[in-house]
Amino acid sequence: MSVIAAKELRIIGFLCNWCSYGGADTAGVSRFKQPTDLRIIRVPCSGRVDPLFVVKALLNGADGVLVSGCHPRDCHYSDGNFYARRRLEMLKRLLPFIGIDERRFHYTWISASEGARWQQVITDFTKQIHKLGPLSTKTEVMVES
Amino acid sequence: MRVGVFICHCGNNIAGTVDVKKVAEETRKLPGVVYATDYMYTCSEPGQDEIKEAIKKESLDRVVVASCSPRMHELTFRRTIEKGGLNRYFLEMANIREHISWVGEDKELNTNKAIEAVRMAVAKVMRNKPLYSTSFKVNKRVLVIGGGVAGMQAALDCADGNLEVLLVEKSPSVGGMMARLDKTFPTIDCSICILGPKMVDVAQHEKIKLYAYSEIEEIKGYVGNYQIKIRKKATYVDWSKCTGCGECMEKCPTKDAYDHFNFGVAPTRAINIPFPQAIPKKAKIDPKYCRQFLKGKCGVCAKICSTGAINYEMQDEIVTEEIGAIIVASGYGLIDMDRLPEYGGGRYPDVITGIQYERLLNASGPTSGHILRPSDKTEPKTVVFVSCAGSRDKSIGIPYCSNFCCMYIAKQAILTKDHIPDSESYVFYIDIRSPGKGYDEFTRRAQEDYGAKYIRGRVSNIYPKGKKMVVRGADTLLGTQVEIEADLVVLATAVTAAPGAAELAEKLHISYDTFGFYMESHPKLRPVETNTSGVFLAGAAQGPKDIPASVGQGSAAASKVLALFSKDTLESDPAIAQVNTNACVGCLKCVETCPFGAIKEKELRNGRVVAEVIETVCAGCGICTSTCPCGAIQLQHFTDNQLLAEVNTLCQS
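Just so we're clear, the structure is a prediction, and the values are computed from it rather than from any experiment. (Residues numbered from 1 in each chain as written. Chains lettered and ligands numbered in written order. Predicted model: local features only at pLDDT ≥ 70, side-chain atom pairs only at ≥ 80, totals over all residues. Heavy atoms only, no water.)

**Remarks on the overall build of chain B**
Then comes step 1: Counting its regular elements, chain B contains 18 helices and 32 strands.
Then comes step 2: Seen through its C-alpha atoms, chain B measures out along the principal axes to roughly 85 × 70 × 40 Å.
Then comes step 3: When burial is assessed residue by residue, chain B has 56% of its 653 residues classed as buried.
Then comes step 4: Taking contacts inside chain B between residues at least 6 apart in sequence as the whole, the part at least 24 apart equals 69%.
Then comes step 5: As presented, chain B carries roughly 27,400 Å² of accessible surface, and 50% of it is formed by carbon and sulfur atoms.
Then comes step 6: Of note, chain B has its 79 positive side-chain charges centred 2 Å away from the centre of its 76 negative side-chain charges. (Helix = DSSP H or I, 4+ residues; strand = E, 2+ residues; numbered from the N terminus. Buried < 20%, exposed > 50% of the residue type's maximum accessible area, 1.4 Å probe, protein only. Contact = heavy atoms within 4.5 Å. Areas by Shrake-Rupley, 256 points an atom, 1.4 Å probe, with all protein chains shown as cover. Lys, Arg positive; Asp, Glu negative; His and termini not counted. Charge placed at Lys NZ, Arg CZ, Asp CG, Glu CD.)

**Brief notes about the interface of chain B and chain A**
Then comes step 1: Facing the 58 residues of chain B at the interface are 55 residues of chain A.
Then comes step 2: Together, the buried faces of chain B and chain A total about 4,900 Å²; carbon and sulfur atoms form 56% of this surface.
Then comes step 3: Interface area lost by chain B to chain A is led by B:Arg71, B:His99 and B:Trp102, which between them contribute 13%.
Then comes step 4: Where chain B packs against chain A, one counts 7 salt bridges.
Then comes step 5: Here B:Arg71 and A:Asp25 are joined by a salt bridge, their closest N and O atoms 3.7 Å apart.
Then comes step 6: Along the contact surface separating chain B from chain A lie 23 residue pairs in polar contact (both at pLDDT 80 or more).
Then comes step 7: Elements with a minimum of two residues in the side of chain B that touches chain A: helix 3 (70-83), helix 4 (97-101), helix 5 (107-125), helix 16 (589-593), helix 17 (623-627), strand 32 (633-635) and helix 18 (640-652) of chain B.
Then comes step 8: Considered class by class, the residues forming the side of chain B that touches chain A number 21 nonpolar, 22 polar and 15 charged. (Buried area = accessible area lost by both parts, 1.4 Å probe. Salt bridge = Lys/Arg side-chain N within 4 Å of Asp/Glu carboxyl O. Polar contact = N/O pair within 3.5 Å; in protein donor to acceptor, adjacent residues only side chain to side chain. Nonpolar A, V, L, I, M, F, W, Y, C, P; charged D, E, K, R; others polar.)

**Thoughts on the environment of B:Glu483**
Residue and element names in this part refer to chain B.
Then comes step 1: Looking at where Glu483 falls in the secondary structure, it is placed in strand 24 (residues 480-486).
Then comes step 2: Taking the relative accessible area as the measure of exposure, Glu483 reaches 46% and is therefore partly exposed.
Then comes step 3: Remark: the alpha-carbon pair of Glu483 and Val459, spanning 24 residues in sequence, is separated by 9.4 Å.
Then comes step 4: Within the local environment of Glu483, its side chain forms a polar contact with the side chain of Arg472, the two groups lying 2.7 Å apart.

**Overview of a positive patch on the surface**
All names here are of chain B.
Then comes step 1: A cluster of basic residues, Lys255, Arg291, Lys295 and Lys297, forms a positive patch at the surface.
Then comes step 2: With respect to the helices, strands and loops of the structure, Lys295 is situated in the loop between helix 9 (291-294) and helix 10 (300-304).
Then comes step 3: We classify Lys295 as exposed; its relative accessible area is 62%. (Patch = residues over 30% accessible without salt bridge, like charges linked within 9 Å, V, L, I, M, F, W, Y side chains within 5 Å.)

**As for the sheet that holds strand 12 (residues 225-232) of chain B**
Residues and elements named next belong to chain B.
Then comes step 1: Taken in spatial order, the 3 strands of this open sheet run 11-12-15, and their pairing is antiparallel. Looking along the sheet, the strands with just one partner apiece sit at the ends: strand 11 (214-222) and strand 15 (317-323). Strand-to-strand twist of the sheet, defined as the mean angle between neighbouring strand axes without regard to direction, takes the value 20°.
Then comes step 2: Summarising the sheet, strand 11 and strand 12 pair through 8 bridges and their orientation is antiparallel. Counterpart to Ile219 in the pairing with strand 12 is Ile228. (Pairing = 2+ DSSP bridges. Axes fitted to C-alpha atoms, helices over the stretch in contact; angles between N-to-C directions.)

**Notes on the side chain of A:Ser111**
Then comes step 1: Looking at where A:Ser111 falls in the secondary structure, it is placed in the loop between strand 4 (105-109) and helix 4 (115-132).
Then comes step 2: Those residues in contact with A:Ser111 that sit more than four places away from it in its chain are A:Cys19, A:Gly23, A:His71 and B:Tyr512.

**Side note on the state of the cysteines**
Then comes step 1: Applying the stated criterion across every chain, the model contains 2 disulfides over all chains.
Then comes step 2: The disulfide partner of A:Cys19 is A:Cys70, and the gap between their sulfur atoms is 2.3 Å. Sign of the S-S torsion, about 95° for the bond between A:Cys19 and A:Cys70, identifies this disulfide as right-handed. One end of the pair, A:Cys19, is in the loop between strand 1 (11-16) and helix 1 (20-29); the other, A:Cys70, is in the loop between strand 3 (64-69) and helix 3 (80-94), and 51 residues separate them in sequence.
Then comes step 3: Each sulfur of the disulfide joining B:Cys190 and B:Cys193 lies 2.1 Å from the other. Every disulfide takes its handedness from the sign of the S-S torsion; for B:Cys190 and B:Cys193 that torsion is 80°, giving right-handed.
Then comes step 4: We classify B:Cys193 as partly exposed; its relative accessible area is 49%.
Then comes step 5: Of all cysteine sulfurs in the structure, the one in B:Cys590 sits closest to B:Cys584, which takes part in no disulfide; the separation is 6.3 Å.
Then comes step 6: Classification of B:Cys584 by relative accessible area gives buried; the value is 9%.
Then comes step 7: B:Cys624 carries a free sulfur, and the closest cysteine sulfur to it, the one in B:Cys621, is 6.2 Å from it.
Then comes step 8: Its relative accessible area of 7% is what places B:Cys624 among the buried residues. (Disulfide = S-S within 2.5 Å.)

**A look at the pairing of strand 1 of chain A**
Residues and elements named next belong to chain A.
Then comes step 1: Here strand 1 lies mainly inside the structure; 6 of its 6 residues are buried.
Then comes step 2: Burial of strand 1 is two-sided: the residues Ile11, Gly13 and Leu15 facing one way and the residues Ile12, Phe14 and Cys16 facing the other way are all buried.
Then comes step 3: Alignment of strand 1 against strand 3, held across 5 bridges, turns out to be parallel. The partner of Ile11 across the bridge, within strand 3, is Gly64.
Then comes step 4: In the classification by handedness, the crossover that spans strand 1, the intervening helix 1 and the parallel strand 2 (residues 38-43) is right-handed. (Right-handed = clockwise from strand over helix to strand, strands pointing away.)

The structure is reproduced here in structure tokens:
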């Protein structure tokens, strides 16, 4: 079963268990309607997200990747989101070098209580990816180079 | 591999917007899946029995449950499959309720999304390994943060349950907000008369160690084994010598120090004991006002003190303690009047807050219980109460109800009539919220027996006119404007999170909402737990709450700690990092990035240095796993292979 053509794009989200996954749950409990494109992978901490996961996802067929963790200073594991921020900021700058528009990748901080914010973030990000259209790594690499 | 998939309808919650039959049908086609079924309520007893039976009948070795959030029922289903004979880590959940059926509107898209969620879970569960908990010893001491009524109740209940308790209170005395109240609704019994004995119990209980005027500096460790640092703030008075006689307070020449206990209704001395029933009853110098600190000379209190307790050189002291669980009862704050410019923003002395009015009513307050206007010390004959001063007001960012103001305004109106029989009270309200036992009767008594005039509407403006304050507002029942010339105006200012609540939450690693109130684990079913195991909540730190609710939560949190400590050992979470020593090159980057110091270097027999995880300390964040350049250290249950399997499932489809 693939993405339903013309309706959805492939968006993958890595969400930390303690804040953002909870925030997405809160949005669900509050019935905040969202676009359906996103597929969520639960990780214990945003610091667990290896930038290579993002690159592999984008090179293998994802059109957009979102990483979301706890707010800075609010990490369940003290510093995990600080490590995430450094790595992911670096990744954002690296993406154009491998021919991928950096707007296809976004990282953000959402707490477990911020259901409305989650709805906003995922709606905006999905819109952005739809604006960019499907990612064909071959053509995008050519355009960039 | 034989995977069984159980898809829950959750009544109509999932089945309403997801075609569960189709999800089951598509799931059956997946490699590895030998059994897939849908059920009305998978979490119910028959639903769980079905999983157990299927494990036996179909010889399942992995289970996927597609239902609600794993944050809700992961533990439930782990227990189920364990009872069915599988290792509890052979379970994965696909969250098709919170993340799919409740948020997507298109049934076709939802169904497709649910199928993919199940595919991801199947891909992951096929790479799950059996994991086994180890047990570790528990330090059966509990830390209670906050000495208000909730914290004291929690401390007393834990202590009565034979636990050692550390009670840390940031102000010089326990008692919290309740110690400042005059009477309590709906019984009009004296607040300090019912609280005072509890305060004395706290001080005298042999199991309770009280740290007054202290704050939490640092918290390290995990449930069962925390190491904490407590900052004992300098009082400049040696409390081991101070007898609480109050001589220093009387002789202190600085008479204009801000009185935190009385919320500035009247000034106090630079050296003071906050109130007569204070526990501990010890003096403390406020260096912001003390002449010795400001001008370098005075020393009156040092001369007068017969026990020589004054020590101007005193420094903050850091004390280290070891504990096993934490109850957070850090209370609430109130908004400053300067956020309410239409009500004078604190510029008019005769516009005061509800808690300041409590102090004017209170016999141990600055006016000895006589209601006197702050401006000219005369008795007010007309008092106007303004409820929702800030509360339920989106324009200042406080959309919530402060919970107890309606009730205390009714009480204050009654007490005003008691104190000044020829006085008149007006109450502006939006709604009267009185849903407790005996509460509605109480607000009616204020109106019917004590003649308080209730006006349904909001106050738009308060301004001075001669000696009076004009309160202008709407009466929405009559549809008119009203203006009342008042002698005194009392604002029921909105309840906020306690000052410093966010900083404390960061130390505790617990979540808080947009307003700074701490998040409970589940709003209905786990109201005093947090998502950080070993940390519990009580009282208004979690949200505005009156006394009975705070006391109830204090006891509830204590019972949670007593249950936690009823065993001598706890089971560790085995989803922790593991080092493959063959792949480890000994760069030890993981040692540097681990926030918990859970990784150390180890020398193998052949002299090669590798990383080693200290099992009991590892919290399972996986920062090391994404740090390791050669994939040698893997967080169990969230390994690179498992997460990439999920990514690949999505990308290849």
